[in-house]
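An overview of the molecular structure
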Amino acid sequence: MMKNIKQQIIVSGVGGQGVVFATRVIAEASMEAGLNVLTSESHGMAMRGGTVVSHIKIGAFKSPLIRRGQADVGLFLTPANLGVHRDLMTKEGRIFVNTASSGDYEHCDATTLAKDAGAVVVANLVLIGYAVQTDSLFCTAELMKNVIRRISQPKQLELNLKAFRLGLGVNGTTQK
Amino acid sequence: MKDERILMGNEAMGRGLVECGCEFFSAYPGTPSSEILAASVGFAKETNAKMHLEWSVNEKVAYEGALASSYTGKRSAVAMKQVGLNVAADPFMRSAYLGVKGGFVLVVADDPGPHSSQTEQDSRFFAQFAKIPVLDPSSPAESKAMVQTAFDLSEKYEIPVMLRPTTRVCHARQNVSCDEPVFMERTPRFEKDPGRWIATPQFIPELHRKLNEKIDDISKLDDFRPRCFKGDGSRKATCIIASGVAFACTYDLLEDMGLLGQIDLFQVTLPYPLQRNFIEQIRSGYDHILIVEETYPVIEAQLLDPRVQGRQSGRIPNRGELTPDVIQGALEKFLDLPAGEAPPAAAKGKRPALCAGCPHRAAYYAIKTTFPRGIFPSDIGCYTLGMNFGAIDTCHCMGACISQGTGFYFAYAGQEDPPAIVVSIGDSTFFHAGIPGLINAVFQKAKFILVILDNATTAMTGNQPTPQVGITADGTPGKPVLIPDILKGCGVEFIRECDPYDMDDFSAHLRDADRYCRSVEGGIAVVISKHPCLLDRSIRDKQPVFEVEVTEDCTGCEECLNEFECPALLLDKAEGRVVIDENTCVGCGVCVSVCPMGAITRK
């Protein structure tokens, strides 16, 4: 039954925010969950602090690109990108934004939490943690945590896990 | 156990080369192709495969090296971006005539859009121009499988085979199965054959005849007859022909629109030469034919049929990337369907900029302010972003800026008080194609300032080492080739080296250089702007940090924002002044020299 899952996810941010790493984490989690996955990401010129977006398509797809109005989940590492990439979302899509200010989306101040964890750059994992605890993603928090454990650089592992846990805990979820 | 991994398209092709027993693989980095060679380095280490892997100085050099390796019977490969093949065009065109021995695969990554290139040219046309076969993968997994197909085809017909992925294959990730490499370890055997390997004009007609024969034979292979996803006949005599990622997008779209299984859909994997029987099948079996391909009408042009709709006929836009949204519009028109709801137009994103603390920014600001009337030819790399704040005037193709400097010099020579010509080029670009232009400039007695932005790396494409760094692709030491030695060898007599972070000193060198250029005995004056790229975190950790602050004296004039464009300087609109973004600032301290009010100070 798991195999029939289809989910389209975007990760939106600016170069340097770890959009590519977040994409990898989600892609690896899909494979771990036994699902096919295709992603598309930005490299090169686009990455020098410019706006970037990754597409992640989980399940039986052939193309790595998401059509406008088709994404089920949006992870926005900056609220500035809402105007740029929101058009990719379905009307019922769940949008998670890294911001302290509320709006017509779910949000948490991932940058401040990441700073507390030790480095601004792990805001990506805070946001993934925050999204996964709402049960809106294709996999469990536990599976995602295993993936982070597996693919993090040894030096970064503790920091990454800490950031992920902070995201999981945003809504007061109990943490192991 | 099945070894399945999440691989980027470039990693998948890099893996494919290792698995196929490729023994020589050379490349020059260029988006979107850059990660292929690095992936092969990693997989060769992991599997103990014996391969010569090199970051060559440029694509022509990479091509010629791999070609000679193939002459000895070894499987060989070369990778580049599409415009890299322009640089390698000379050996490429002739290699089709002379052919190869060991399987020879050239991976040429196209960039429809383009996202990170100076053209969106279609390398499949280049393959057709050269008369060699070209494979067009639609996904990372397929790109890996096609490496094997390409080697087999190349070896069977002794012909170079092009594998042409696009950005959306190169930079897509997918779960891909990995296999154990086949170790060929062929003993090199170069068989002398002057009529072939020297091939003076008298031998060319015969080689050309053989080439035509090979292409003709390949066009008859049933293996490359496009795969058909059959329709149920409800749409009579209608078919869609697609290749590459455009096929993948079309397939997903048809499924989404509930049309999959109603229309015959063909996937072309070998766009040139288009399979002979397939051409006949389409011409005789269909009246409504849509071709979806990137980026030029290669398949369309081979079908030569007025009923065909595509890029040439205007049904599909004749430029740009075929995103699912673009294909959707074309499908709706082709199938007479009502147009889908148009989503609201999206806002434009933030443009890329040089990183905080980037040494190029410091050098550019000094050049701009020292020569307000100057002409600034520049080149390809991160430093092209200098255009954001008016620090460069041209960017054409790798190495062009130096020859352009010569052109500008002679155009203005004899004018009263000519503008300063200040050419800027990165270290890797200088090695790639700048040196012949420099020799020419010196020899022609041109006079201009050449600033070599030496950040000790190829930054834009992911920090590949340059010849000066002296580290080869697999991390082992090579023999460093030093830029000052090259400059001297090219006959340059004015050479200065300076860290641009010291802007006063750097500007003083620029003024000296200008005086030299304008003197009777002057010539080319080179100023090497020397400071390593900060993308390497260890470099950043080693350099001193100056904490800076913006004082009450800031008037909000925005000089630092518009003329210097550091991402760590932000405008606080409410306060009407500039603030420092502590999360971004690396403490280079250069902005202190920029503020006309002296309002940026060290803490």
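Residues numbered from 1 in each chain as written. Chains lettered and ligands numbered in written order. Predicted model: local features only at pLDDT ≥ 70, side-chain atom pairs only at ≥ 80, totals over all residues.

A separate point is the overall build of chain A. Looking only at helices and strands, chain A has six helices and six strands in total. Traced from its N-terminal end to its C-terminal end, chain A shows the element sequence β-α-β-β-β-α-β-β-α-α-α-α. The C-alpha radius of gyration computed for chain A amounts to 15 Å, which stays within 12% of the reference 16 Å derived for 176 residues, consistent with globular compactness. Dimensions of chain A, computed from the C-alpha atoms along their principal axes, are close to 40 × 35 × 35 Å. Residue burial in chain A is summarised as follows: out of 176 residues, 57% are buried. For chain A, the proportion of contacts with a sequence separation of at least 24, taken over those separated by at least 6, is 60%. (Helix = DSSP H or I, 4+ residues; strand = E, 2+ residues; numbered from the N terminus. Rg over C-alpha atoms; globule rule 2.2 N^0.38 Å. Buried ≥ 20, exposed ≤ 12 C-beta atoms within 10 Å, placed from the backbone. Contact = placed C-beta atoms within 7 Å.)

Turning our attention to the pairing of strand 12 (residues 288–292) of chain B. All names here are of chain B. Extensive coverage of strand 12 is indicated by the burial of four of its five residues. As defined by bridge partners, strand 10 (residues 238–243) adjoins strand 12 across five bridges and the pair is classed as parallel. Its bridge partner lying in strand 12, Ala242 is registered against Val292. Sheet topology places strand 12 next to strand 13 (residues 308–309); two bridges connect them, and they run parallel. Opposite Leu290, over in strand 13, you have Gln309 as the bridge partner. This β-α-β element, strand 12 to helix 13 (residues 298–303) to strand 13, shows right-handed connectivity. (Pairing = 2+ DSSP bridges. Right-handed = clockwise from strand over helix to strand, strands pointing away.)

Below, the discussion takes up the domain arrangement of chain B. Residues and elements named next belong to chain B. One can read the domain layout of chain B as domain 1 (3–218), domain 2 (222–334), domain 3 (359–538) and domain 4 (548–602). The centre of domain 1, based on its C-alpha atoms, is set 26 Å off from the matching centre of domain 2. No other element matches helix 6 (residues 123–130), which puts four residues into the side of domain 1 that touches domain 2. Taken together, the residues that form the side of domain 1 that touches domain 2 break down as ten nonpolar, five polar and six charged. (Domains from an automatic or database assignment. Nonpolar A, V, L, I, M, F, W, Y, C, P; charged D, E, K, R; others polar.)

With 35 residues of chain A in contact, the opposing surface of chain B contributes 40 residues. Counted by class, the side of chain A that touches chain B contains 13 nonpolar, 14 polar and eight charged residues. Of the pairings in the sheet, the one linking strand 2 (residues 37–40) of chain A to strand 8 (residues 172–178) of chain B comprises three bridges and is antiparallel in character. Bridge pairing links Ser40(A) to Ala172(B) in strand 8 of chain B.

All names here are of chain A. Those residues of helix 5 (residues 141–151) that sit buried are Ala141, Met144, Val147 and Ile148. With its buried residues spanning 120° around the axis, helix 5 presents them on a single face. More than 90 degrees from the buried face of helix 5, the exposed residues found are Glu142, Arg149 and Arg150. Tucked into the core, helix 5 has its buried residues touching helix 1 (19–32), helix 4 (123–132) and helix 6 (157–168). (Arc of directions from axis to C-beta.)

What follows deals with unusual backbone geometry. Residues and elements named next belong to chain B. A cis geometry characterises the amide bond from Tyr272 onward to Pro273, with omega recorded as -5°. Residue position: Pro273 is located in the loop between strand 11 (264–268) and helix 12 (276–285). With an omega of 0°, the peptide bond between Glu294 and Thr295 qualifies as cis. Note that Thr295 resides in the loop between strand 12 and helix 13. In this structure, Ala456 is a non-glycine residue whose phi angle is positive, near 60°. Along the chain, Ala456 turns up in the loop between strand 17 (449–454) and helix 18 (483–489).

All names here are of chain B. Of note, Glu547 is situated in the loop between helix 20 (537–542) and strand 20 (548–550). Overall, the presence of 12 C-beta atoms within 10 Å leaves Glu547 in the exposed class. C-alpha separation for the pair Glu547 and Asp512, spaced 35 residues apart in sequence, amounts to 32 Å. With residues up to four places along the chain from it excluded, the contact list for Glu547 reads Gly587, Arg602 and Lys603.

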